[in-house]
Amino acid sequence: MSAKFSLSEQLGRLEGWRAAWAWAVMATLGLRLGLGAVMASTWLIIKPRLAPGLLNNPNVYGVLEIPTTSPGDAFLGVWVRWDAVHHLNLAALGYENVSTGDSVFYPLFALLTRVFACLLGGDLILASLIVATLATCAALAGLYRLADSAFGPCSARWSVLVLASFPTAVFLVAPFTESLFLALTIGAGAGLMVMRGA
């Protein structure tokens, strides 16, 4: 008998929350690293073709300091697009000092980003990526437990893998609220199942 086990054998032996967190962490890291590599390489190809004044434009990015030199722009700045700009400006300024359009966003993601930014020396972009990554991991772990309790471990594994590989999973690791919303929604569903004794 060999003392070594393959990773799939080791994961197959885990049960309950240990299995849920193991699968969630693996899927989240795969998503973060895979999409990070795709986004970074795409950015390095596209950036030279952009107009010079487009980056760090205060009309687009507000008070955010966007990394403009490699590798920071390829690994951090590339994620600051669309709603991420609004969330990060809310984290930096709060609701009093932003435009009316920014007031439609709920405060929890911005608040958590601000807390993590304080711990990271004020880096809002990195903080928002950490919040999104942790929320994705929590959502996938909760999904695993829900699917495991209802359909068994094989279905739980497939549920996590399908969600993590779905094309819109990019929004789970981007600095958007989707991962936090999903984690809280799945947590609420799991709480209801516990309360009902299922």
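Residues numbered from 1 in each chain as written. Predicted model: local features only at pLDDT ≥ 70, side-chain atom pairs only at ≥ 80, totals over all residues. Heavy atoms only, no water.

**Digging into the overall build of the protein**
Okay, step 1: For the protein, the count of helices and strands is 10 helices and zero strands.
Okay, step 2: Secondary structure elements in the protein, listed N-terminal to C-terminal, are α-α-α-α-α-α-α-α-α-α.
Okay, step 3: Within the span of the protein, comprising 198 residues, buried residues form 37% of the whole.
Okay, step 4: Long-range pairs, those at least 24 residues apart, make up 59% of the contacts in the protein with a sequence separation of at least 6.
Okay, step 5: Total accessible area computed for the protein in this model is approximately 11500 Å², and 68% of it derives from carbon and sulfur atoms. (Helix = DSSP H or I, 4+ residues; strand = E, 2+ residues; numbered from the N terminus. Buried < 20%, exposed > 50% of the residue type's maximum accessible area, 1.4 Å probe, protein only. Contact = heavy atoms within 4.5 Å. Areas by Shrake-Rupley, 256 points an atom, 1.4 Å probe, with all protein chains shown as cover.)

**Re the confidence of the model for the protein**
Okay, step 1: Overall, the prediction assigns the protein a mean pLDDT of 82, with 80% of residues at 70 or greater.
Okay, step 2: Between the elements of the protein, mean pLDDT differs from a low of 58, seen in helix H3 (residues 58-61), to a high of 94, seen in helix H8 (residues 153-165). (pLDDT = per-residue confidence, 0-100.)

**As for a nonpolar patch on the surface**
Okay, step 1: Judged by side-chain polarity, Leu108, Leu111, Val115, Leu119, Leu120, Leu126 and Leu184 come together as a nonpolar surface patch covering roughly 610 Å² of accessible area.
Okay, step 2: With four residues, helix H6 (residues 107-119) is the single largest residue contributor to the nonpolar patch.
Okay, step 3: Residue placement: leucine 119 occurs in helix H6.
Okay, step 4: With a relative accessible area of 67%, leucine 119 lands in the exposed category. (Patch = residues over 30% accessible without salt bridge, like charges linked within 9 Å, V, L, I, M, F, W, Y side chains within 5 Å. Salt bridge = Lys/Arg side-chain N within 4 Å of Asp/Glu carboxyl O.)

**Focus on the nonpolar core**
Okay, step 1: With 23 residues, the main nonpolar core has Trp79, Val80, Leu88, Leu90, Leu124 and Ile125 as its most contacted residues.
Okay, step 2: Every element with two or more residues in this core is listed here: helix H2 (16-46), helix H5 (83-93), H6, helix H7 (124-151) and helix H9 (170-173).
Okay, step 3: A total of five residues in this core trace back to one element, the largest contributor, which is H5. (Core = buried A, V, L, I, M, F, W, Y, C linked by side-chain atoms within 4.5 Å.)

**Structural notes on the pattern of salt bridges**
Okay, step 1: As enumerated under the stated definition, the model contains one salt bridge in all.
Okay, step 2: Two residues, arginine 145 and aspartate 148, come together in a salt bridge whose shortest N-O distance is 3.3 Å. Here aspartate 148 and arginine 145 lie together in helix H7, a separation of three residues that amounts to about one turn.
Okay, step 3: Looking at arginine 145, the relative accessible area reads 25%, which means it is partly exposed.
Okay, step 4: For aspartate 148, a relative accessible area of 18% puts it in the buried group.

**Quick notes on the side chain of threonine 136**
Okay, step 1: If you trace the backbone, threonine 136 turns up in helix H7.
Okay, step 2: Threonine 136 has contacts with Thr28, Leu31, Leu172, Val173 and Ser179, leaving out every residue within four places of it along the chain.

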